[in-house]
Structure formats: structure tokens, C-alpha cells
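Residue-level structure breakdown
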Amino acid sequence: MMEAFAFYALAALIVGFGVMVIAARNPVHSVVFLVLNFLGIAVMYVVLGAEFLAVIQVLVYAGGIVVLYLFVVMLVTLKRAPEAHQDPHRKTGLGVGLAAAVLAEVIAILVYTSSAAPVLTTAVSAAALKTPALTGNTEQVGWALYTDYLIPFEVASMLLLAAMIGAILFARRAD
Amino acid sequence: MSETWILPLVQIAVVLNAILISVTYIVLLERKVIAWVQSRLGPMRVGPWGTLQPIADVLKLMLKEDITPIRVDRPLFTLAPIMSLVPALITFAVIPFGGHVTLFGHDVPLFIADVNIGLLYIVSVTSIGIYGIILAGYASNSKYPLLAGLRASAQLISYEVAVTMMLVSIVVTSGTLSMVGIGEAQRTSGVWFAFIQPVALVVLFIGGLAETNRSPFDLAEAEQELTGGFHTEYSGMRFALFFLAEYANMIVVSGVMVTLFFGGWLQPFPNIAALSFLGFVPGWIWFLVKVFFFLYLFIWIRATLPRYRYDQLMRLGWKVLIPVALVNLAVTAVVKVLR
């Protein structure tokens, strides 16, 4: 009961902050709401018992990536805020169509997986049984990353490396 | 039931008040030490040897007019000092001031929370504190605070990489992320981690100076260039919040350094029988003595070293500290596996 209440209150806050990110006129305010949104998601992880993910969420997203966003937004929008709602190339029909497609997809997933949900949980618990008795959150994440998900993990790191090299290349070419 | 709630609340109240009071006296200590370094006397008039100066300062700051300049971004201007101070204060939740003591027949731990991600918690919460400075710089709508905010954010992002990587070395050495666990690991290893990880000690202390915006890395509040930096437009109690945050962060960095490298609340060399007589001093006093040493070091460095230039600061961070941190981590991991 208490947990359900906490979940819905928190979820309402997160969605509210998410809406404010796109509703705020001032880009810097948008970024601040994004930070609050990420902090809310971190609290959600704590409620779910995933403390490690919560802390990483704060460290990487709220404390790292969004600081860079803020940095860029402050440098770009020093002179004036962008003229909102005057984009001549706006394609309202396309946007509504895409949103409807995503909504249909989400509903379809909800409808088709509600019966299959128990299967999913048993699969997860079977995977958990395979691993040795790991007490901490951190150990579990580490174990999963370096056994079952080793290849995706390494591929993701290669992707980040490629992005980094690309960024450096662009910066050097500008000189 | 009531005990599970009351004990943490009492702990939080005691720790917060102790931090705020010690901050005011660290300011006095800083003024005194710098004065002595420069052959002056420092504050002398309020109370004997100026010992009541902090109280006068706090009264002054609270009674001063709180000015909000007209063209500032009001919500962010109000939010910035709060976002600066709160992360600094909540970090103390995981810093162990001592082991367990018995008080009025209860077993009282001298730390508020022993979570198994303590060190990561400290890193992530301190990374939130930067928003206070950046937003203050932006919201002030004034060129010097803005420049200071940009400098501060670039500086923190750069040094955070080296600091976090060095912390991983310590985690590999101790095998735990819990602050209490890291302290206990130094009891079992029999020697402080300062002797096992001397490189990490130096890099983390430099990183700590940079992340608290202290001299010689205080470019975000360089008076000569930026007329005070990100808090130029702030006055009264809101300015005091920034001030509190800076000194609370100094205590955090000192506490973390002590816990990671100098055995926290443990007496020196707890496993050597000849030194076991040191056990009559309670653990929390050892902790406070060690923290005081680091705070003194902060002030000492401020009185001694000139400020870095901005490009020198960046070069030190990216071209020296990060490679050193990477090599240190690799060596630590290899040694750990070979053992």
C-alpha cells in the first residue's frame, strides 16, 4: 500500500518534470527540469531496491552528462532565447502520426505481455539462480555485465569510443 | 519501532549542527592561520583573541539586507545557493565518524548510514553540487558570475574523471564500496592505505582541492579577475549559503581522505601490540584529529601557493592526473589479481 502510493506519487513527479522539460520557454530551465527528472528516476531505482543503478544514474546522467548540456546551452543561448512556436517547417501531421504509432505499440505490448508476464519473471529468477550467491547490488551488476552480457557491454564501449574519436576529429578539423 | 526512527534523527541533528558550527570556526582558523603566515594577528577584537568573531560574522550575515538584483532569473537565482549547500550537507550521511559506542545503555553507531555503495554515493552527490555554481553564474545575468560558472563547470568535469578513477583503485584495494568497510579493511590489512596507495593519495588530494574550488584552483572565485566570481551578485544569507557549502565541502573532502587513506576512526597501526595503549583515545577523536590535519593543510596551501592559470589547470587535469590515475588503476588491478 505504502509502496504503491510512493510509486504513483514519484511517477507523477517524474512525468511532471518530463513535461516541464519540453514546456519551459527558457532552455536553461528545461535543463534544470531534466536534472530533477533524472533525480526522480534515481529515487525510483532506490524504491525498487537497485541502489547501485540509482547512484550511477545520478553520477552519470544528473552529475555528468547534463552538466555538459547546461554548459552548451548557456554558451549557445547567451544572446537571446530561440523564437518558440514560429518554426515554418513544422510538420504537425507527421508528429501526431508518429506519436500515435508509438502509443499503439505500447498498448500492444501491454496487451500481449500481460498474460506472458509470469514467464518473464521465472526466466529472470532462473538466471539469478545460476549465479553464485551475490549479496550486494554492485556485485550482481558486475557479474551480469561480465558474464551474460559481456559482448553487448564491449560493443557498447566500442560505440562510445567511436563517438569520442569522431568528436575529437571534428574539433581538430575546426582549427 | 520508535528507536529505529529516533536514533537517526538525533544523529542527523547532531551532525548537521556540528558541521555548521565547525564551519564558522574553520573560517576563523583560516583567517588566523593566514594572518600568522603573513606576520599579522588576524581577528583580535571580538572576544579574547577573536574567538567570538564567528558569532559576530553569522549575526552580520543574517541581519544584512538580502538584495535580489532586478534582471536576474528569479527562480534559479533562489535555487542556486540551496542546490549548492544541500549536496554538501547530505554527503555526511555516509561518512563514519567512529565505530560503535555505548551511550545510555544503547549501542550507537557513530555513522548515520552504512550503505554498501557509500563511496559512490559521495561521488554522485558531490557531482550534483556543481549545479549551484553554474546556475548562480547563469541566473545572476552578469558577465563575471557567468564566466566563473563556466570555469567552475569545466574544472569540475575535468577533475571528476581523475578523482573517480582513483577512487576505483581504492575500491579494488579494499574490496568494498562501503565507507565503514573501507575503514575496517585498513584494520585487517594492518596498515593505512596511504602506504599502499600513495599515488592515489596525492592525486585525490589535488582533485579534492580542485573540486572544492580551493586555492590554488580557485579560478571560479578569482577576486582579481572576476570580482568575486559566481557569487558576485549575492548578498546576505544567500551569499552565506555558498560560503557554508564551500567549507562543508572542505570537511567532506577531509573526511573522505581520512577514511580512505588514514584509517578513519582507527588508531595508528591498530595491529601493533606496542602501540595498543593508543586505544584509550576514543575512535571519533582520532577521526577529528586527522580531519583537522587536512583542514589545516587546505588553509596552509591557500596561504602558500599562487593560483594556477586556466590552461595550466586544464593541462594538469587532463594530461597528468588522468593518465596517472589510469596507470595506477591498471597496476592496482594486476597486483590484486596476482596476490
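Look up: the structure comes first, before these words.
What this report covers is the structure whose coordinates are included nearby. Fair warning: this is a prediction, and the values are worked out from it, not measured in the lab.

Looking at the overall build of chain A
Helix and strand counts for chain A stand at seven helices and zero strands. Among the 175 residues that make up chain A, the fraction classed as buried is 21%. For chain A, the share of sequence-separated contacts (at least 6 apart) that also reach a separation of at least 24 residues comes to 52%. Carbon and sulfur atoms provide 74% of the accessible area of chain A, an area that totals close to 12,700 Å².

Focus on the overall build of chain B
Assigned secondary structure in chain B consists of 12 helices and two strands. N-terminal to C-terminal, the α/β element order of chain B is α-α-α-β-β-α-α-α-α-α-α-α-α-α. For chain B, the spread of C-alpha atoms along the three principal axes comes to 60 × 50 × 50 Å. Contacts in chain B between residues at least 24 apart in sequence constitute 77% of all its contacts with a sequence separation of at least 6. Roughly 15,800 Å² of accessible area belongs to chain B as shown, and the carbon and sulfur atoms make up 71% of that amount. Of the side chains in chain B, 21 bear a positive and 18 a negative charge, and the two mean positions are spaced by 7 Å.

Comments concerning the side chain of Thr91 of chain B
Counting through the fold element by element, Thr91 of chain B comes out in the loop between α3 (74–90) and β1 (100–103). In this structure Thr91 of chain B touches Tyr121, Ile122, Val125, Thr126 and Val252 of chain B, once residues within four positions along its chain are discounted.

Topic: the interface of chain B and chain A
Taken together, the 24 residues of chain B in the interface contact 25 residues of chain A. Counting across the chain B and chain A interface gives zero salt bridges. On the surface where chain B and chain A come into contact, there are four residue pairs in polar contact (both at pLDDT 80 or more). Put simply, the parts of the chain that give the side of chain B that touches chain A at least two residues each are α3, α4 (118–139) and α5 (143–174) of chain B. At 11 residues, α4 of chain B tops the list of elements feeding residues into the side of chain B that touches chain A. Partitioning the side of chain B that touches chain A into residue classes produces 18 nonpolar, four polar and two charged.

Describing the packing of aromatic side chains
Residue and element names in this part refer to chain B. In this structure the tally under the stated criterion is 15 aromatic pairs over all chains. Considering the side-chain rings of Phe77 and Tyr234, the 4.1 Å spacing of their centres and the 5° angle between planes classify their relative orientation as stacked. Note that Phe77 is positioned in helix α3 and Tyr234 in the loop between α9 (223–226) and α10 (236–261), a separation of 157 residues in sequence. Note on Phe77: relative accessible area 0%, which makes it buried.

Quick look at unusual backbone geometry
All names here are of chain B. Even without glycine at this site, Ser39 takes up a positive phi of about 60°. For Ser39, the location among the structural elements is in the loop between α1 (2–37) and α2 (53–63). With a relative accessible area of 68%, Ser39 lands in the exposed category. In this structure, Trp49 is a non-glycine residue whose phi angle is positive, near 55°. Here Trp49 is to be found in the loop between α1 and α2. Under the relative-accessibility criterion, Trp49 is labelled exposed at 55%.

Let's talk about the packing of helix α6 (residues 179–189) of chain B against α10 of chain B
All names here are of chain B. One way to put it is that α6 packs onto α10 with a least axis distance of 7 Å and a crossing angle of 40°. Here α6 is positioned oblique relative to α10, judged by the angle of their axes. In this structure, α6 contributes Met179, Ile182 and Gln186 to the contact, and α10 contributes Val256, Thr259, Leu260 and Phe261.

Here we look at α2 of chain B
Taken together, the buried positions of α2 of chain B are Gln53, Pro54 and Leu61 of chain B. For α2 of chain B, the angular spread of the buried residues around the axis is 95°, confining them to a single face.

Describing the pattern of salt bridges
All names here are of chain B. Considering all chains together, one arrives at six salt bridges over all chains under this definition. In this structure, Arg31 and Asp57 form a salt bridge, with 3.6 Å as the shortest nitrogen-oxygen distance. Highlighted residues: Arg31 in helix α1 and Asp57 in helix α2, separated in sequence by 26 residues. When its relative accessible area of 39% is taken as the criterion, Arg31 is described as partly exposed. By relative accessible area, Asp57 is classed as partly exposed at 22%. Residue Arg309 is joined to Asp311 by a salt bridge in which the shortest nitrogen-to-oxygen separation is 2.9 Å. Look at Asp311 and you get partly exposed, because its relative accessible area is 34%. Taken together, the salt bridges that share partners define one network made up of Arg309, Asp311 and Arg315.

What about a nonpolar patch on the surface?
Residue and element names in this part refer to chain B. A cluster of nonpolar side chains, contributed by Ile21, Tyr25, Leu52, Ile55, Val58, Leu59, Met62, Leu63 and Met237, occupies part of the molecular surface with about 840 Å² of accessible area. Listing elements by their share of the nonpolar patch, those giving two or more residues are α1 and α2. Considering every element that reaches the nonpolar patch, the biggest residue donor is α2, with five residues. Here Tyr25 shows up in helix α1. What makes Tyr25 partly exposed here is its relative accessible area of 33%.

A short note on the packing of helix α8 (residues 198–211) of chain B against helix α12 (residues 310–338) of chain B
Residue and element names in this part refer to chain B. It is at 10 Å that the axes of α8 and α12 come closest, and there the two elements cross at 145°. Relative to α12, the crossing made by α8 is left-handed. Residues Val199, Ala200, Val203 and Ile206 of α8 lie in contact with α12, whose contacting residues are Leu316, Leu321, Val324 and Asn328. Across the contact of α8 with α12, the residue classes tally to seven nonpolar, one polar and no charged.

Reading the values: the criteria
- One numbering rule holds for all chains: residues counted from 1, following each sequence as written.
- Working convention: letters from A go to chains and numbers from 1 go to ligands, in the order in which they are written.
- Under the rules for a predicted model, residues below a pLDDT of 70 receive no local features and side-chain atom pairs below 80 are neither given nor counted, while totals for whole chains, interfaces and linings still include all residues.
- Each side-chain value is derived from all of the structure's non-hydrogen atoms; neither hydrogens nor water enter the calculation.
- Counting from the N terminus, the helices are DSSP H or I runs at least four residues long and the strands are E runs at least two residues long.
- Burial classes: relative accessible area under 20% of the type maximum marks a residue as buried, over 50% as exposed, and values in between as partly exposed (1.4 Å probe, protein chains only).
- Contacts between residues were defined by any pair of non-hydrogen atoms, one from each residue, lying within 4.5 Å.
- In this description, accessible areas are obtained by the Shrake-Rupley approach with a 1.4 Å probe, and a residue is regarded as covered only by the protein chains that are shown.
- We count Lys and Arg on the positive side and Asp and Glu on the negative side, and we leave His and both chain ends out.
- Where a charge sits is defined by one atom per residue type, namely NZ (Lys), CZ (Arg), CG (Asp) or CD (Glu).
- Salt bridges are counted wherever a side-chain nitrogen of Lys or Arg sits within 4 Å of a carboxyl oxygen of Asp or Glu.
- In protein, a polar contact requires one atom able to donate a hydrogen and another able to accept it; more generally it is a pair of N or O atoms within 3.5 Å, and residues adjacent in sequence count only if both atoms are side-chain atoms.
- Only Asp, Glu, Lys and Arg are considered charged, only Ala, Val, Leu, Ile, Met, Phe, Trp, Tyr, Cys and Pro nonpolar, and every remaining residue, Gly among them, polar.
- Classification of ring pairs rests on two measures: the distance between centres of Phe, Tyr or Trp rings, Trp counted by its six-membered ring, which must be within 6.5 Å, and the angle between planes, read as stacked under 30 degrees, edge-to-face over 60 and tilted in between.
- Orientation is described by lines fitted to C-alpha atoms, with helices fitted over the stretch in contact, and by angles between N-to-C directions that extend from 0 to 180 degrees.
- For classification purposes, angles smaller than 35 degrees are called roughly parallel, those larger than 145 roughly antiparallel, those between 65 and 115 roughly perpendicular, and all remaining angles oblique.
- The reported arc concerns the directions from the helix axis to the C-beta atoms and nothing else.
- Any residue with relative accessible area above 30% and no salt bridge may belong to a patch, with like charges joined within 9 Å and the nonpolar Val, Leu, Ile, Met, Phe, Trp and Tyr side chains within 5 Å.
- In a left-handed crossing the near helix is turned counterclockwise from the far helix by less than a right angle, and in a right-handed crossing that turn is clockwise.

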